[in-house]
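# Survey of secondary and tertiary structure
So the chains spell out like this:
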Amino acid sequence: MAVKDRDRFSTATRIRLLGEQTAARVYRSQTRRQARRSRLTGRAAFLALVVCSLVVALAYPMRQYVSQQGEIADQERKAAEAARRVEELRDEKARLQDPAYVRRLAREHLHYVMPGETGFTVNDPDAEHRPRTDQGATDRPWYDNLWDGVDHADRP
């Protein structure tokens, strides 16, 4: 035991123990610094919070902006189509002011003939060989035929 006590208090032993303790302290402080460095700092956390809140605050207005731009484009397209249709109707109105055009339409669509002319109806010789598409009308009640006539009356 005396040898142990002597070794314990010898200078070499003390220096060696001091070196080990110092090395342990240095190692612990280095690991603490590394752990601190890898952690999120207060400034970085605040910056991340500000950025996230900006993203959240701007997400809804940006979505609204994009959808409204789509609606504006759709309305502009509809307005251009309506303007084109107005031009077509103005042209048609101008044509209907011409009596010759009205006469031509009456001859084509209503089968009118001028006084002194003879109207002819030409029968198609191949018509009797072709099947008729409206033969089912006789099998239906009269009111179905009436409604079909009303529905189909304004179609071109």
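Residues numbered from 1 in each chain as written. Predicted model: local features only at pLDDT ≥ 70, side-chain atom pairs only at ≥ 80, totals over all residues. Heavy atoms only, no water.

## What about helix α3 (residues 42-96)?
Counted at 1.5 Å a residue, the expected span for α3 with its 55 residues is 81 Å, and the 81 Å between its end C-alpha atoms agrees. Where α3 bends most, at Ala59, the angle is about 30°, and the proline Pro61 comes one to four residues later. (Helix = DSSP H or I, 4+ residues; strand = E, 2+ residues; numbered from the N terminus. Expected span 1.5 Å × (residues − 1). Bend = angle between axes of the 7 residues up to and from the residue.)

## Observations regarding the environment of Asp74
Summarising the element assignment, Asp74 is placed in helix α3. A distance of 2.6 Å separates polar atoms of two side chains, one belonging to Asp74 and the other to Arg77. (Polar contact = N/O pair within 3.5 Å; in protein donor to acceptor, adjacent residues only side chain to side chain.)

## Examining the packing of α3 against helix α4 (residues 99-110)
At a minimum axis distance of 6 Å, the contact between α3 and α4 shows a crossing angle of 95°. Taken together, α3 and α4 sit at an angle that is classed as roughly perpendicular. Residues Glu92, Arg95 and Leu96 of α3 pack against Tyr101, Val102 and Leu105 of α4. (Axes fitted to C-alpha atoms, helices over the stretch in contact; angles between N-to-C directions. Parallel < 35°, antiparallel > 145°, perpendicular 65-115°, else oblique. Contact = heavy atoms within 4.5 Å.)

## What about the packing of aromatic side chains?
Aromatic rings in a pair are described by how distant their centres are and how their planes are angled relative to each other. Counted by the stated rule, this structure contains 1 aromatic pair. When the ring of Trp142 is compared with that of Tyr143, the centres are 5.8 Å apart and the planes differ by 80°; the resulting orientation is edge-to-face. (Phe/Tyr/Trp six-rings, centres within 6.5 Å; stacked < 30°, edge-to-face > 60°.)

## Observations concerning unusual backbone geometry
The phi dihedral of His111 falls on the positive side, at around 60°, and the residue is not glycine. By the element assignment, His111 lies in the loop between α4 and α5 (142-152). Among the residues examined, His111 registers a relative accessible area of 65% and is labelled exposed. (Buried < 20%, exposed > 50% of the residue type's maximum accessible area, 1.4 Å probe, protein only.)

## Digging into the pattern of salt bridges
Within the structure shown, the criterion is met by 10 salt bridges. A salt bridge links Asp74 to Arg77, with the shortest nitrogen-to-oxygen separation between them at 2.6 Å. Taken together, the residues span about one helical turn, with Asp74 and Arg77 both in helix α3 at a distance of 3 residues. Assessed through its relative accessible area of 27%, Asp74 is described here as partly exposed. Here Glu88 ties to Arg85 by a salt bridge, and the two come within 3.5 Å at their closest N and O atoms. In this pair, Glu88 and Arg85 are both assigned in helix α3, 3 residues apart and thus about one turn of the helix distant. Glu88 gets classed as partly exposed once you look at its relative accessible area, which sits at 35%. (Salt bridge = Lys/Arg side-chain N within 4 Å of Asp/Glu carboxyl O.)

## A short note on α4
For α4, spanning 12 residues, the distance from its first C-alpha to its last is 16 Å, which sits close to the expected 16 Å at 1.5 Å a residue. Directly after α4, the chain includes His111, whose backbone phi takes a positive value near 60°.

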